[in-house]
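The lines below spell out each chain.
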Amino acid sequence: MSIQEQIRDQLNGSSIVLYIKGTPQMPQCGFSAKAVQLLSACGAHFASYNILENPDLRQGLKEFSNWPTFPQLYIRGELVGGCDIMVELNQKGELKKLVDQAQS
Amino acid sequence: MSTRAVIEQRLRAAFAPEKIEIRDDSAQHAGHASAREGGHYHVLIVAPAFAGLSPIQRHRRIYEALGDLKLAGIHALSLQALAPGEH
């Protein structure tokens with residue numbers, strides 16, 4: 001399976017997917033830690049993949065989404081954005097709405 | 001040219017911003033495992049070009065304007081992209 005197919009499989013497998021550096025328990029970057037914290041605070045159940053463990057996935061995602069940085073949050077297969085966008089959405093109360101919709 | 005100057009030059013050329021502030025946060029991340037990949041920067045940019053665009057579209061436009069982040073010496077980039085009046 002190509003990396004692009006693997007990414008599609010991962011996105012099809014969970015309505016909320018977060019690609020980060022490290023794991024939700026042990027994030028390896030402040031932005032990834034913040035993303036995990038925001039999602040958790042919204043009550044999200046999400047799948048998470050550690051891009052530091054998988055350089056092909058890291059590169060594949062940059063191409064898949066045409067988005068150069070991590071974390072990357074996907075809801076229902078669509079890129080929502082990175083940490084700054086999550087913070088912005090959260091301030092407007094929209095992150096929780098997206099999470100609730102995805103989990104309904 | 002410093003990375004900071006490169007960021008400023010590329011963003012000014014692309015967006016003719018009303019305001020642009022670039023903060024180099026690299027010192028806060030010194031020693032962090034991937035800090036060797038480049039610096040950490042925070043950019044606040046206010047430009048008419050962002051009016052009517054979603055946050056994700058604004059960030060995409062900025063990434064396009066900056067080109068390859070690693071080549072530019074950027075490891076991490078925090079963005080605040082606003083249209084005039086939102087600031």
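Preceding this paragraph is the structure being described.
In this text the structure is predicted, and so the values were computed from the model without any measurement.

What is the right way to look at the overall build of chain A in this model?
A tally of helices and strands in chain A yields five helices and four strands. Listing the helices and strands of chain A from first to last along the sequence gives α-β-α-β-α-β-β-α-α. Computed over C-alpha atoms, the radius of gyration of chain A comes to 13 Å, within 12% of the 13 Å expected from 2.2 N^0.38 for 104 residues, which places it in the range of a compact globule. Principal-axis analysis of the C-alpha atoms places the extent of chain A at approximately 35 × 30 × 25 Å. For chain A, buried positions account for 39% of its 104 residues. Across chain A, every contact between residues at least 6 apart in sequence was considered, and the portion connecting residues at least 24 apart equals 63%.

Whenever I open this one, the interface of chain B and chain A confuses me. Can you help?
You'll often see interface size given as the accessible area lost when the parts meet. Contacts between chain B and chain A engage eleven residues on the former and nine residues on the latter. Breaking the side of chain B that touches chain A down by element, the ones donating at least two residues are helix H2 (55-66) and strand S3 (74-82) of chain B. Sort the elements by how many residues they give to the side of chain B that touches chain A and S3 of chain B lands first, with five residues. Each residue belonging to the side of chain B that touches chain A can be placed in one class, and the counts come to eight nonpolar, three polar and no charged.

Rules and cut-offs
- Residues numbered from 1 in each chain as written.
- Chains lettered and ligands numbered in written order.
- Predicted model: local features only at pLDDT ≥ 70, side-chain atom pairs only at ≥ 80, totals over all residues.
- Helix = DSSP H or I, 4+ residues; strand = E, 2+ residues; numbered from the N terminus.
- Rg over C-alpha atoms; globule rule 2.2 N^0.38 Å.
- Buried ≥ 20, exposed ≤ 12 C-beta atoms within 10 Å, placed from the backbone.
- Contact = placed C-beta atoms within 7 Å.
- Nonpolar A, V, L, I, M, F, W, Y, C, P; charged D, E, K, R; others polar.

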